[in-house]
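# Survey of secondary and tertiary structure
Single-letter residue listing:
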Amino acid sequence: MTSRKENIFEDKIPTDKVGWRSPSNIALIKYWGKKSGQIPANASLSFTLKESVSETVIEYCPTEGKDFKVDFFLDGEPQPEFSKKIHAYFDSIKHSMPFIAQLDFKINSKNTFPHSAGIASSASGMSAIALCLCDIEKKYFDKDSSEEKFFQRASYFARLGSGSACRSVYGGIVQWGEIDGHRNTSNMFASEIGNEVDKLFEDFHDTILIVDSEQKKVSSTVGHSLMNDNIFASGRFIQADDNIKQLLQILKNGNLNDFIKIVESEALTLHSMMMTSNPYFLLMKPNTISIIEKIWEFRKETETPLCFTLDAGPNVHLLYPAKYASKVKKFIDTELIQFTINNMVINDMLGGGPERIIE
Ligand code: 2P0
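Let's shift gears to the site of the ligand. Around the ligand sit 17 residues in total, of which Tyr31, Lys34, Ser162, Ser164 and Arg167 are the nearest. At a separation of 2.8 Å, an oxygen atom of the ligand approaches a polar side-chain atom of Ser164. Within the contact set of the ligand, an oxygen atom lies 3.1 Å away from a side-chain nitrogen or oxygen of His224. Relative to its free-state accessible area of 460 Å², the ligand is covered by the protein chains to the extent of 92%. By residue number, the principal contributor to the shell around the ligand is helix 4 (residues 220-226), which donates 3 residues. Residues of the shell around the ligand, tallied by class, amount to 5 nonpolar, 8 polar and 4 charged.

So this is what it looks like as structure tokens:
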């Protein structure tokens, strides 16, 4: 075994920095329930967002102590709790990336979206960190690896940090988890969906209505673990498997009515799994339901193909093709804004995936 002091770099242990801008994502087919080793209980599918991103720069230098150090800063402020979590994460993957043990890390991260927005900052943040680590690896140990392998490895390591983060490594519409009959799917990493997507979905908008900004009372990690004893879990996993296969077809054929049925059902099923866990819990708020009812009314009256999805929280994501943007904006301004806190609305859309910010 290599001792920590034994230099594994070709030259002297370097001092340098790497940086990535990486987006959050919103799942349409939900990952809820997992097996050990961050293996999802069912396959999931998401839209990568464009505007909701983390920008992360990792500065590294030869470690001075016995153990490597991680100092994590969010918006320039030290975050001792996060630093500990990221140290534990680095520790858990250093057998695959032995250079980790020889470096000290200063991580500076900032998000373009407010913390209170309930946007999955673990997905953008962990994917950015995993991309940075893979950049260090590529620079010194894996110079010739292909772009495809690079992103696959980044997705693999992002998954070990936070499951949904593995989907943020790719742009557009992304799947994660083995799907019967779909050869290029894996539980280990995500991939862009292989089939051609109907033009309708290429410029989909996601407008997020912020209903509540309090820290949620049950973390996603606890939520996942409660699926182990949920008596509806086995049925849910069968349903998810069926839904993802259907949705992959719908994304090809562009049937928005079918799209809406699956996407809304997935959102409500996710929350019904929370309500049927033991102990049970509820992350929706009264205003979440008011918004959903308004959307159903609006759709019936205007036949606008607007639907909603929910993450593990009370905020509502409105999904619709770009050409309905002005109609939906008017609807939000007149009917929905009353249910938000401080008129908080985040306009986002399908995005192209992460970008390197330090060459
Ligand atoms: C998803 N969520 O597919 C689902 C839907 C929230 C609702 O994945 O424990 O932060 O880090 O693997 O990925 C949130 O859970 O959980 C999540 P960990 P993660 O996006």
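Read on, since the account is not over.
Moving on: helix 8 (residues 325-336). Residues spaced three or four apart along an α-helix face the same direction, because each turn holds 3.6 residues. Looking at helix 8, one finds that the buried residues are Val328, Phe331, Ile332 and Leu336. Within helix 8, the buried residues cover an arc of 100° as seen down the axis, which keeps them to one side. Away from its buried face by more than 90 degrees, helix 8 exposes Ser326, Lys330 and Thr334. The inward-facing, buried residues of helix 8 abut strand 10 (205-209), helix 7 (286-302), strand 12 (316-320) and strand 13 (345-349).

The next subject is the sheet that holds strand 11 (residues 307-310). Strand order in the open sheet made by the 4 strands is 11-12-10-13, with antiparallel pairing throughout. Every interior strand has two partners, whereas the edge strands, strand 11 and strand 13, have only one. Direction aside, the axes of adjacent strands within the sheet are offset by 25° on average. Judged from the 4 bridges that link them, strand 11 and strand 12 form a sheet pairing that is antiparallel. Pairing of Leu310 across the sheet is with Val316, part of strand 12.

As a further point, take unusual backbone geometry. Cis geometry is adopted by the peptide bond preceding Pro279, which originates at Asn278 and carries an omega value of 5°. Here Pro279 shows up in the loop between helix 6 (256-275) and helix 7. Positive phi, normally seen in glycine, also occurs at Asp75, with a value near 50°. Structurally, the position occupied by Asp75 is in the loop between strand 5 (70-74) and strand 6 (77-78).

Soluble globular proteins: nonpolar side chains tend toward being buried together. Counting residues in each nonpolar core, the largest one holds 42 residues, and the members touching the most others are Tyr89, Phe90, Ile100, Phe105 and Ile107. Every element with two or more residues in this core is listed here: strand 1 (16-29), strand 4 (44-62), strand 5, helix 1 (80-93), strand 7 (103-111), helix 2 (121-140), helix 3 (147-161) and strand 8 (173-176). Residues contacting Phe90, with those up to four places away along its chain left out, are Phe68, Val70, Ile100, Phe105, Ile107, Ile129 and Leu133. Of all hydrophobic cores here, the second largest spans 25 residues; its members include Ile26, Ile244, Leu247 and Leu319.

Okay, the environment of Ser220 next. Relative to the helices and strands, Ser220 is located in helix 4. For Ser220 and Asp311, which are 91 residues apart along the polypeptide, the C-alpha to C-alpha distance reads 10.0 Å. Those residues in contact with Ser220 that lie beyond four places of it in its chain are Trp32 and Ala312. Separated by 3.4 Å, the side chains of Ser220 and Lys216 make a polar contact.

What follows deals with the pairing of strand 13. Taking every second residue as pointing to the same face, the buried face of strand 13 carries Ile346 and Asp348, while none of Val345, Asn347 and Met349 on the other face is buried. As defined by bridge partners, strand 10 adjoins strand 13 across 5 bridges and the pair is classed as antiparallel. Within strand 13, the residue paired with His205 across the bridge is Met349.

By the definition in use, this model includes 23 aromatic pairs. The interplanar angle of 70° and the centroid separation of 4.7 Å between the aromatic rings of Tyr31 and Trp176 together place this pair among those described as edge-to-face. With Tyr31 in the loop between strand 1 and strand 2 (34-35) and Trp176 in strand 8, this pair connects stretches of sequence that are 145 residues apart. Among the aromatic residues, those joined into a cluster by ring pairs are Phe9, Tyr60, Phe99, Tyr140 and Phe141. Lying over the aromatic face of Phe73, Lys106 brings its terminal NZ or CZ to 5.3 Å of the ring centre.

Further remarks concern the pattern of salt bridges. What the rule picks out here adds up to 16 salt bridges. We note a salt bridge from Lys245 to Asp241, for which the minimum N-O separation is 3.3 Å. With Lys245 and Asp241 both in helix 5 (residues 233-253) and 4 residues apart, this pair spans about one turn of that helix. Overall, Asp241 belongs to the partly exposed group, its relative accessible area being 24%.

Moving on to the packing of helix 1 against helix 2. It is at 13 Å that the axes of helix 1 and helix 2 come closest, and there the two elements cross at 45°. Comparing their axes, helix 2 and helix 1 come out oblique. Crossing angle aside, the handedness with which helix 1 passes helix 2 is right-handed. The residues of helix 2 that touch helix 1, namely those facing Ile86, Tyr89, Phe90 and Ile93, are Met126, Ile129, Ala130 and Leu133. Across the contact of helix 1 with helix 2, the residue classes tally to 8 nonpolar, no polar and no charged.

Basis of the calculations
Residues numbered from 1 in each chain as written. Predicted model: local features only at pLDDT ≥ 70, side-chain atom pairs only at ≥ 80, totals over all residues. Heavy atoms only, no water. Near = heavy atom within 4 Å. Polar contact = N/O pair within 3.5 Å; in protein donor to acceptor, adjacent residues only side chain to side chain. Areas by Shrake-Rupley, 256 points an atom, 1.4 Å probe, with all protein chains shown as cover. Helix = DSSP H or I, 4+ residues; strand = E, 2+ residues; numbered from the N terminus. Nonpolar A, V, L, I, M, F, W, Y, C, P; charged D, E, K, R; others polar. Buried < 20%, exposed > 50% of the residue type's maximum accessible area, 1.4 Å probe, protein only. Arc of directions from axis to C-beta. Contact = heavy atoms within 4.5 Å. Pairing = 2+ DSSP bridges. Axes fitted to C-alpha atoms, helices over the stretch in contact; angles between N-to-C directions. Core = buried A, V, L, I, M, F, W, Y, C linked by side-chain atoms within 4.5 Å. Phe/Tyr/Trp six-rings, centres within 6.5 Å; stacked < 30°, edge-to-face > 60°. Lys NZ or Arg CZ within 6 Å of the ring centre and 35° of its normal. Salt bridge = Lys/Arg side-chain N within 4 Å of Asp/Glu carboxyl O. Parallel < 35°, antiparallel > 145°, perpendicular 65-115°, else oblique. Left-handed = near helix turned anticlockwise from the far one by under 90°.

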